[in-house]
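# Observations on chain architecture
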Amino acid sequence: MHIPPDLLPEGFRDRLPPQAEVAARVSRAMIDVLASYGYARVAPAMAEFESVLAKHSGDANRNQHLRFTDPVSGHTLALRGDITVQVGRIATTRMKDAPRPLRLAYHGQVLRLRAKQLRPERELTQLGAELVGNDSVAAACEIVGVAIDALEAAGVKDITIDFTLPDLVERLAEKALPLAADKIDAVRSELDMKDAGGLSALGADAYLPLLAATGPFAEAVEKLRAIDAGGALASRIHALEAIAGTIAGRANVTLDPTERHGFEYQSWFGFTIFAKGYSAALGRGGTYYIDRADGPSEPATGFSLYPDPLVDLADESVVRRLFLPLGTEAVTGAKLRHDGWATVAALDENDSAAVLGCTHIWMNGQAIPV
Ligand SMILES: N[C@@H](Cc1c[nH]c[nH+]1)C(=O)O
């Protein structure tokens, strides 16, 4: 098959100017927020041994990796699909003796074997923060707050955070709404599909009201409280209220307690971030455990943001370029760059500000809009 030289595989793309610049700025703005909260940057490897990555990813994500045989080691390698998993590996191996809680931040590209219907891309930018060693309510409050700050720094407004309780069914099945162990998975799948008929067919009518306990936080949490007759969820509900309280006024909070899509490894708390104007979720996070070879698994809390939609819809006019006509003194250019301008110097008389995509031109000692 003849492959045209500009063709990329399905789900991959190049970013051109000025989008690539916008992408860098958006990421920078968010990463600076993470750094300002004390999250130290790590830069994990692009590819790993497939067996190691799979072990840390949980079974659900195992088949999501793009794999290939490495001619050098002879082993199967996988390209990373989620940097959180790598941060967990680093935290519990090379940084296993670093004091806890350990705050780590990351930014990079991740790859998916298959695109999702809503997201045709298979290569995504992912950045985030992981708080290793703590999955308390305080940790969750910090993580949700940092995620909101990061999005705000990138200019995102009207943020909605959708809370979920990833282990809800297991919790309820223990005592409040008893379920045979072999039915738990089936009930979870019916709840995933929001299928009332399916739940009834399983004899799990007691779980039906959970389908209605969704929507704006205040109302949904009351419905959840009403279902929770045995009080098995009391501490969870209390925790959700505390987290919602810390972000009140900064984001809309909703609750969908049975939502599990994308929460393969989260433990008691999970959240998805949306914002007005973006159809896809902008981020996700929650509490989870990281396996440790040298002892019991470690609790952690974190989030990942997926900023590509912000770049796709960004106002590209934010990238300003100042044309320096032929003969502009070198010191003038240096001063303007020092002042924050991106300068484009003419190389001969034929160069023009408009043709070179400049937004401004340096004339009579001033930057004049083109
Ligand atoms: N990495 C997860 C989100 C997450 C980060 N930390 C904990 N959970 C995801 O992208 O879905």
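Residues numbered from 1 in each chain as written. Predicted model: local features only at pLDDT ≥ 70, side-chain atom pairs only at ≥ 80, totals over all residues. Heavy atoms only, no water.

## A word on the sheet that holds strand β4 (residues 76-79)
Within a sheet, adjacent strands bond to each other through the backbone by hydrogen bonds, running parallel or antiparallel. Condition: Pairing between two strands is assigned when DSSP locates at least 2 bridges connecting them. The helix and strand labels rest on DSSP assignments: H or I over at least four residues marks a helix, E over at least two residues marks a strand, and numbering proceeds from the N terminus. To obtain an axis, a line is fitted to C-alpha atoms, over the contacting stretch when the element is a helix, and the angle between two such axes runs from 0 to 180 degrees between their N-to-C directions.
Pairing is antiparallel in the open sheet, where three strands are placed in the order β2-β4-β3. If you trace the sheet from one side to the other, it starts and ends with β2 (47-49) and β3 (66-69), each paired once. Each strand of the sheet is rotated relative to its neighbour by a mean of 35°, with strand direction disregarded. Where β3 and β4 come together, four bridges link them in antiparallel fashion.

## Comments concerning the packing of aromatic side chains
Filter applied, for reference: Centres within 6.5 Å make a pair out of two Phe, Tyr or Trp rings, where for Trp the six-membered ring is used; the pair is then stacked when the planes are under 30 degrees apart, edge-to-face when over 60, and tilted otherwise. Throughout this description, the term charge over a ring refers to an Arg CZ or Lys NZ atom that lies within 6 Å of the ring centre and within 35 degrees of the ring normal.
Under the definition given, this model contains five aromatic pairs. Members of the aromatic cluster, each reached through a chain of ring pairs, are Phe163, Phe217, Trp268, Phe269 and Phe271. In this structure, arginine 320 packs its charged tip against the face of tryptophan 341, placed 4.1 Å from the ring centre.

## Thoughts on a nonpolar patch on the surface
Applied cut-off: Like charges are joined within 9 Å and nonpolar side chains (Val, Leu, Ile, Met, Phe, Trp, Tyr) within 5 Å, but only among residues with over 30% relative accessible area and no salt bridge; these make up the patches. What sets the accessible areas is the Shrake-Rupley method with a 1.4 Å probe; for residues, cover comes only from the shown protein chains. A pair is scored as a salt bridge if a Lys or Arg side-chain nitrogen falls within 4 Å of a carboxyl oxygen belonging to Asp or Glu.
Together, Met1, Ile3 and Leu7 make up a nonpolar patch on the protein surface, roughly 400 Å² of accessible area in all. Mapped onto the fold, leucine 7 is located in the segment before α1 (19-36).

## A short note on the pairing of strand β7 (residues 159-164)
Spelled out, the test is: Burial here depends on accessible area, computed with a 1.4 Å probe over protein chains only, as a share of the maximum for the residue type. Under 20% is buried, over 50% is exposed, and the range in between is partly exposed.
Of all six residues that make up β7, six are buried, and the element is covered over most of its length. Going residue by residue along β7, you find Ile159, Ile161 and Phe163 tucked away on one face and Thr160, Asp162 and Thr164 tucked away on the opposite face as well.

## Regarding the environment of leucine 347
Here leucine 347 is to be found in the loop between β14 (342-345) and β15 (360-363). Between the C-alpha atoms of leucine 347 and leucine 324, which are 23 residues apart in sequence, the distance is 9.5 Å.

## Side note on the site of the ligand
Using the following cut-off: Nearness is defined per residue: one heavy atom within 4 Å of the molecule or strand is enough. N or O atoms within 3.5 Å of each other form a polar contact, as long as, within protein, one can give a hydrogen and the other can take it, and as long as residues adjacent in sequence are counted only when both atoms are side-chain atoms. Throughout, the protein atoms alone are placed on a 1 Å grid, and a set of points is a cavity if a 1.4 Å probe fits but cannot get out or a pocket if it is open with protein on both sides within 12 Å along at least five of seven lines; lining residues have an atom within 4 Å of a point. Being in a pocket or cavity means that more than half of the molecule's atoms lie within 2 Å of its grid points.
Inspection of the region around the ligand gives 14 residues, with Thr84, Tyr265, Gln266, Arg284 and Tyr306 positioned closest. Between a nitrogen atom of the ligand and a main-chain N or O atom of glycine 302, the distance comes to 3.4 Å. In isolation the ligand has 300 Å² of accessible area, and contact with the protein removes 98% of it. Its atoms largely coinciding with the cavity grid, the ligand occupies the largest pocket. The set of elements that each furnish at least two residues to the shell around the ligand consists of β6 (123-132), β11 (283-292) and β12 (295-305).

## Regarding the nonpolar core
Note the threshold: Residues belong to one nonpolar core when they are buried, are Ala, Val, Leu, Ile, Met, Phe, Trp, Tyr or Cys, and are joined through side-chain atoms within 4.5 Å. Should any heavy atoms of two residues lie within 4.5 Å, those residues are counted as being in contact.
Core analysis: the biggest nonpolar cluster contains 67 residues, and Ile161, Phe163 and Tyr207 have the highest contact counts within it. For this core, the element with the highest residue contribution is helix α5 (residues 137-153), accounting for 10 residues. Contact partners of isoleucine 161, with chain neighbours within four places excluded, come to Val144, Ile148, Ile247, Ala251, Asn252, Val253, Thr254, Phe271, Thr272 and Ile273. Grouped together as the second largest cluster of nonpolar side chains are 15 residues, Ala98, Leu104, Tyr288 and Ile290 included.

## Some remarks on the side chain of threonine 258
Summarising the element assignment, threonine 258 is placed in the loop between β9 (252-255) and β10 (266-275). If we skip the residues at most four places from it in the chain, threonine 258 touches Thr164, Leu168, Leu191, Asp192, Lys194 and Leu210.

## Side note on the packing of α5 against helix α10 (residues 234-246)
Definition in use: Should the near helix be turned anticlockwise from the far one by less than a right angle, the crossing is termed left-handed; should it be turned clockwise, right-handed. Polarity classes work like this: nonpolar for Ala, Val, Leu, Ile, Met, Phe, Trp, Tyr, Cys and Pro, charged for Asp, Glu, Lys and Arg, and polar for all others, with Gly in that last group.
Contact pair α5 / α10: the axes reach a minimum separation of 9 Å and the direction vectors enclose 35°. With respect to the hand of their crossing, α5 and α10 are arranged in right-handed fashion. Of the residues in α10, those touching α5 at Val137, Ala140, Cys141 and Val144 are Ala239, Ala242, Ile243 and Thr246. Of the residues contributing to the contact of α5 with α10, the split by class is seven nonpolar, one polar and no charged.

## Considerations on unusual backbone geometry
The omega torsion of the bond from proline 17 to proline 18 falls at 0°, within 30 degrees of zero and hence cis. Here proline 18 shows up in the segment before α1. Positive phi, close to 55°, is recorded for aspartate 158, a residue that is not glycine. By secondary structure assignment, the location of aspartate 158 is in the loop between α5 and β7. By relative accessible area, which is 43% here, aspartate 158 ends up partly exposed. Even without being a glycine, asparagine 364 presents a positive backbone phi close to 50°.

## Notes on empty space enclosed by the protein
Operational definition: Grid points are joined across faces, edges and corners, and a volume is the space filled by probe spheres set on the points.
This model, assessed by the stated rule, comprises one cavity of 30 Å³ or more. By volume, the largest cavity amounts to about 40 Å³. For the largest cavity, the full set of lining residues is Leu165, Pro166, Leu168, Val169, Arg188, Leu191, Pro257, Thr258 and Arg260. Those elements that place two or more of their residues in the lining of the largest cavity are α6 (168-174) and α7 (184-192). Considered class by class, the residues forming the lining of the largest cavity number six nonpolar, one polar and two charged.

## Quick word on the UniProt feature "binding site: L-histidine" (unreviewed entry) in the protein
For clarity, the cut-off: UniProt positions are given in the numbering used here, feature names are shortened, and annotations may be inferred rather than shown by experiment.
In the UniProt entry, the feature "binding site: L-histidine" (unreviewed entry) is given for Asp82, Ile83, Thr84, Arg112, Gln126 and Glu130. Within this annotated set, the largest pocket is lined by Asp82, Thr84, Arg112, Gln126 and Glu130. With respect to the element layout, isoleucine 83 can be found in helix α4 (residues 83-92). When residues no more than four places from it in sequence are discounted, the contact partners of isoleucine 83 are Pro44, Tyr106, His107, Gly108, Val110 and Gln126. Looking at where glutamate 130 falls in the secondary structure, it is placed in strand β6. Taking relative accessible area as the criterion, glutamate 130 reaches 1% and is therefore assigned buried. Discounting residues that sit within four places of it in the chain, glutamate 130 has contacts with Tyr39, Thr84, Val87, Leu102, Arg103, Leu104, Tyr106, Tyr288, Thr301, Gly302, Phe303 and Ser304.

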